[in-house]
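Next come the chains, spelled out residue by residue.
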Amino acid sequence: MHYVYEETNSLDDRCYTTFGLTPEILMEHAGLALAHAVKKKLTCKKSALFVCGMGNNGADGIVAARLLHGAYNVSLYLPFKIKSELAKLQLERAKKVGVIVVDELIDADIYVDALFGAGLNRPLDDLTCKLLETLNAKQGYKIACDIPSGILSDLTLSSVIFQANETVTMGALKLALLNDNVKDAIGDIKVANLGISRNQYETPSSLFLLHKSDLRLPFRIKKNANKGTFGHVAIVQGSKEGAARLAGMGAFHFGAGLVTLIGEKPKKLPIYLMNSETLPKNANVIVAGMGLEMPFDEVALKTLLLSNTLPLVIDASLSQHPLLCEIIASQKPLVLTPHPKEFSSILELTCKEKVSVEAIQANRFAYAKRFSLAFPHVVLVLKGANTIIAHNGELFINTYGTPALAKGGSGDVMSGMIGALIAQGYTPKDAAISGSLAHALVSRKFTCNNFALTPIDICKGLKWL
Ligand SMILES: NC(=O)C1=CN([C@@H]2O[C@H](COP(=O)(O)OP(=O)(O)OC[C@H]3O[C@@H](n4cnc5c(N)ncnc54)[C@H](O)[C@@H]3O)[C@@H](O)[C@H]2O)[C@@H](O)CC1
Ligand SMILES: Nc1ncnc2c1ncn2[C@@H]1O[C@H](COP(=O)(O)OP(=O)(O)O)[C@@H](O)[C@H]1O
Ligand SMILES: [K+]
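What counts, and at which threshold
- Residues numbered from 1 in each chain as written.
- Chains lettered and ligands numbered in written order.
- Predicted model: local features only at pLDDT ≥ 70, side-chain atom pairs only at ≥ 80, totals over all residues.
- Heavy atoms only, no water.
- Near = heavy atom within 4 Å.
- Polar contact = N/O pair within 3.5 Å; in protein donor to acceptor, adjacent residues only side chain to side chain.
- Areas by Shrake-Rupley, 256 points an atom, 1.4 Å probe, with all protein chains shown as cover.
- Helix = DSSP H or I, 4+ residues; strand = E, 2+ residues; numbered from the N terminus.
- Axes fitted to C-alpha atoms, helices over the stretch in contact; angles between N-to-C directions.
- Parallel < 35°, antiparallel > 145°, perpendicular 65-115°, else oblique.
- Left-handed = near helix turned anticlockwise from the far one by under 90°.
- Contact = heavy atoms within 4.5 Å.
- Nonpolar A, V, L, I, M, F, W, Y, C, P; charged D, E, K, R; others polar.
- Donors = N, O, S within 2.8 Å, 3.2 Å for Na, K, Ca; no water.
- Tetrahedral: all angles 85-135°; square planar, octahedral: opposite > 155°, others 65-115°.
- Buried < 20%, exposed > 50% of the residue type's maximum accessible area, 1.4 Å probe, protein only.
- UniProt positions renumbered as here; feature names shortened; annotations may be inferred.
- Domains from an automatic or database assignment.
- Salt bridge = Lys/Arg side-chain N within 4 Å of Asp/Glu carboxyl O.
- Phe/Tyr/Trp six-rings, centres within 6.5 Å; stacked < 30°, edge-to-face > 60°.
- Expected span 1.5 Å × (residues − 1).
- Pairing = 2+ DSSP bridges.

- The protein has the name NAD(P)H-hydrate epimerase in an unreviewed UniProt entry, where Sulfurospirillum diekertiae is given as its organism.

1. Some words on the site of ligand 1
Part 1: Neighbouring ligand 1 are 20 residues; Y16, D60, G117, R122 and D146 lie closest to it.
Part 2: Within the backbone of N56, an N or O atom sits 2.8 Å from an oxygen atom of ligand 1.
Part 3: A distance of 2.9 Å separates an oxygen atom of ligand 1 from a polar side-chain atom of N57.
Part 4: Computed on the free molecule, ligand 1 has an accessible area of 850 Å², of which 82% lies beneath the protein chains in the complex.
Part 5: When residues of the shell around ligand 1 are traced back to their parent elements, those giving at least two are α1 (9-19), α2 (23-41) and α3 (56-68).

2. Structural notes on the packing of α3 against helix α4 (residues 85-96)
Part 1: As a packed pair, α3 and α4 sit with axes 8 Å apart at the nearest point and diverge in direction by 20°. Taken together, α3 and α4 sit at an angle that is classed as roughly parallel. The hand of the α3/α4 crossing is left-handed. Across from N56, A59, I62, V63 and R66 in α3, the residues of α4 making contact are L86, A87, Q90, L91, R93 and A94.
Part 2: Tallied by class, residues from the contact of α3 with α4 come to 7 nonpolar, 2 polar and 2 charged.

3. Here we look at the coordination of the potassium ion (ligand 3)
Part 1: Ligation of the potassium ion (ligand 3) by protein atoms is provided by N57 (OD1), D113 (O), D113 (OD), F116 (O), C145 (O) and I147 (O), these donors lying 2.6 to 3.2 Å from the ion.
Part 2: Its 6 donor atoms give the potassium ion (ligand 3) angles of 67 to 151° at the centre, a pattern that matches the irregular case.
Part 3: Within one chain, the residues donating to the potassium ion (ligand 3) are spaced in sequence as N-x55-D-x2-F-x28-C-x1-I. Of this pair, N57 sits in helix α3 while C145 sits in strand β6 (residues 141-145); the two residues are 88 residues apart in sequence, bridging distant segments of the chain. You'll find N57 and C145 in the same group, each marked buried.

4. Some details on the site of ligand 2
Part 1: In the vicinity of ligand 2 lie 16 residues, with K383, G384, G409, G411 and D412 positioned nearest.
Part 2: T402 is positioned such that a nitrogen or oxygen atom in its backbone is 3.3 Å from a nitrogen atom of ligand 2.
Part 3: Between ligand 2 and D412, the relevant distance is 3.0 Å, taken from an oxygen atom to a main-chain nitrogen or oxygen of the residue.
Part 4: In the complex, the protein chains occlude 79% of the 570 Å² of accessible area that ligand 2 would expose alone.
Part 5: Top contributing element to the shell around ligand 2 by residue count: helix α13 (residues 410-423), with 3 residues.

5. Some remarks on the UniProt feature "domain: YjeF N-terminal" (unreviewed entry) in the protein
Part 1: Under the UniProt annotation, the feature "domain: YjeF N-terminal" (unreviewed entry) is placed at residues 8-202.
Part 2: Along residues 8-202 the backbone is 36% helical and 18% strand, and the end-to-end C-alpha distance reaches 9 Å.

6. Considering the domain arrangement of the protein
Part 1: Taken domain by domain, the protein holds domain 1 (2-205) and domain 2 (213-464).
Part 2: Computed over C-alpha atoms only, the centres of domain 1 and domain 2 are separated by 40 Å.
Part 3: Each partner contributes residues to the interface: domain 1 has 8 residues there, and domain 2 has 12 residues.
Part 4: The interface formed by domain 1 and domain 2 holds 1 salt bridge in total.
Part 5: For D180, the salt bridge goes to R364, with nearest N and O atoms at 3.4 Å.
Part 6: For the pair domain 1 and domain 2, the number of links is 11 residue pairs in polar contact (both at pLDDT 80 or more).
Part 7: For the side of domain 1 that touches domain 2, the residue count by class is 3 nonpolar, 2 polar and 3 charged.

7. A few points about the packing of aromatic side chains
Part 1: Evaluation of the coordinates by the stated rule reveals 8 aromatic pairs.
Part 2: With centroids separated by 5.6 Å and ring planes inclined at 40°, the aromatic side chains of Y3 and F208 adopt a geometry described as tilted. Taken together, the residues span a long stretch of sequence, with Y3 in strand β1 (residues 2-5) and F208 in strand β10 (residues 207-209) at a distance of 205 residues.
Part 3: The exposure class assigned to Y3 is partly exposed, which follows from its relative accessible area of 28%.

8. Focus on the packing of α13 against helix α14 (residues 428-445)
Part 1: Following both chains from N to C, one finds α13 and α14 inclined at 140°, their axes separated by 8 Å at the closest point. Looking at the two axes, α13 sits oblique to α14. Here α13 runs over α14; the crossing is right-handed. Across the interface between the two elements, S410, M414, M417, I418, L421 and I422 of α13 pack against P428, A431, A432, S434, G435, S436, A438 and H439 of α14.

9. Some points on α13
Owing to its 3.6 residues per turn, the α-helix aligns residues three or four sequence positions apart on the same side.
Part 1: With 14 residues, α13 extends 20 Å from end C-alpha to end C-alpha; this agrees with the ideal 20 Å at 1.5 Å per step.
Part 2: Most of α13 sits inside the fold, with 14 of its 14 residues counted as buried.
Part 3: Of the residues flanking the end of α13, it is G425, one or two places downstream, whose phi is positive at about 100°.

10. Examining the sheet that holds strand β9 (residues 188-192)
Part 1: Reading across the sheet, the 7 strands line up as β4-β3-β2-β5-β6-β7-β9 and stay open at both edges, with parallel pairing between neighbours. Whereas interior strands pair on both sides, the edge strands pair on one side only; in this sheet they are β4 (100-102) and β9. Pairwise comparison of adjacent strand axes, ignoring direction, gives a mean angle of 25° for this sheet.
Part 2: Here 3 bridges tie strand β3 (residues 73-77) to β4, and the two strands are oriented parallel to one another. Residue pairing for β4: Y77 is matched across the bridge by V102.

Structural data, given as structure tokens:
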């Protein structure tokens, strides 16, 4: 996993004060990384246009244009009067080496957005939005310098954002690139070294971007084993039977030795899933909430969930029921797996905070972090295009999910998978991280049309991870 930062100015400052680097050294490296990314897409016949703003983001673009000029067909477009001293200096240098400055948005094969970066602290005005719209409408490969213009430093968005195929971000990963609402605008992210290795540039952070290598699959190492070795997942069945069945399949396919659905005998049940009216004695985790329609027998459910010490995975309707407060108050090991609407209910129930889904989605990180600090024993899996696993103030961000997962039932499967890992001895936090990663990575394994993936495919795909 890699650290992620709300802001990187303090990391730049540390380079100056601790390592004796200068803003110019950092900028030369930022420009070099940007030039490198442009060069990869430029053949001798192709052209690149650097659209540069008035600040240091623009200055990075000017440096990159200077580095490429002579060997490649590049030009600069500067729609605003240059403000920053460094940008003025870089422009002077670029002109001295003969970089062409054009006075309109000309056609090119590659467009570089170096208009605004980390300094964008208020929404763009109409004129700039129009400029971005025109730029977005152009054919060609699009590269954003540091952050696509239009994403503000506080994670709010302008009405238009540069739509990048690729973002070359300076020094370290920024949280602003990882919110759900910019997933379509950032393209692939590359992190540029700024004259010092990334390890040295970075300081510890409580925010992490998960990597494939963080996935720990529940391989069976022990040879002298039996089904009991791999745990028993109990899944509470609701009136919508299919949901618990999918969770059960997710659990079984992800290595649980035994899986029992608790409730009336369902009409259809995969042959490997068991059914019981009561909690099996050897169950070691309970998964509940999916398919549970109100009203349900609250007293019976409360007894089932709270009259034992088993860890819980709570999903769907239970996120919206007052019983959740008692579950949290019980201090049992607990994983919550809400989507944003369910998380809105959780916040209202537990923090007495009415927060709309839109407000949550605008800054998922802040709400997830606040909740996890308020309830440090709870692991929150806030689902979305980029799922967040929050625990005691730490956020782990999983960006591997794809829209193939946007289908009824895929969340049920993931809750079952997390239950399976807890049953096999993972801590709730590790189970949430590996369960979420496996769920997302499976969606990338299928080469079928992405509209066709089903929750059952997710279960089946686990065997190929
Ligand atoms: N040492 C440094 O400072 C480094 C800076 N770097 C680059 O510098 C960028 C940050 O540069 P700046 O701080 O100059 O900021 P930007 O270049 O992102 O923005 C320029 C200026 O625009 C103004 N502004 C903010 N919102 C606006 C709006 N809605 N409409 C019009 N103007 C607005 C602000 O006053 C800001 O200073 C980074 O994103 C990165 O690309 C890199 O070169 C690495 C080193
Ligand atoms: N666009 C997307 N990109 C990545 N993952 C997605 C996307 N849409 C949905 N998902 C994932 O699919 C799952 C959907 O879960 P959920 O909304 O609870 O569905 P259900 O309750 O029907 O099972 C979540 O894990 C979510 O992160
Ligand atoms: K930019």
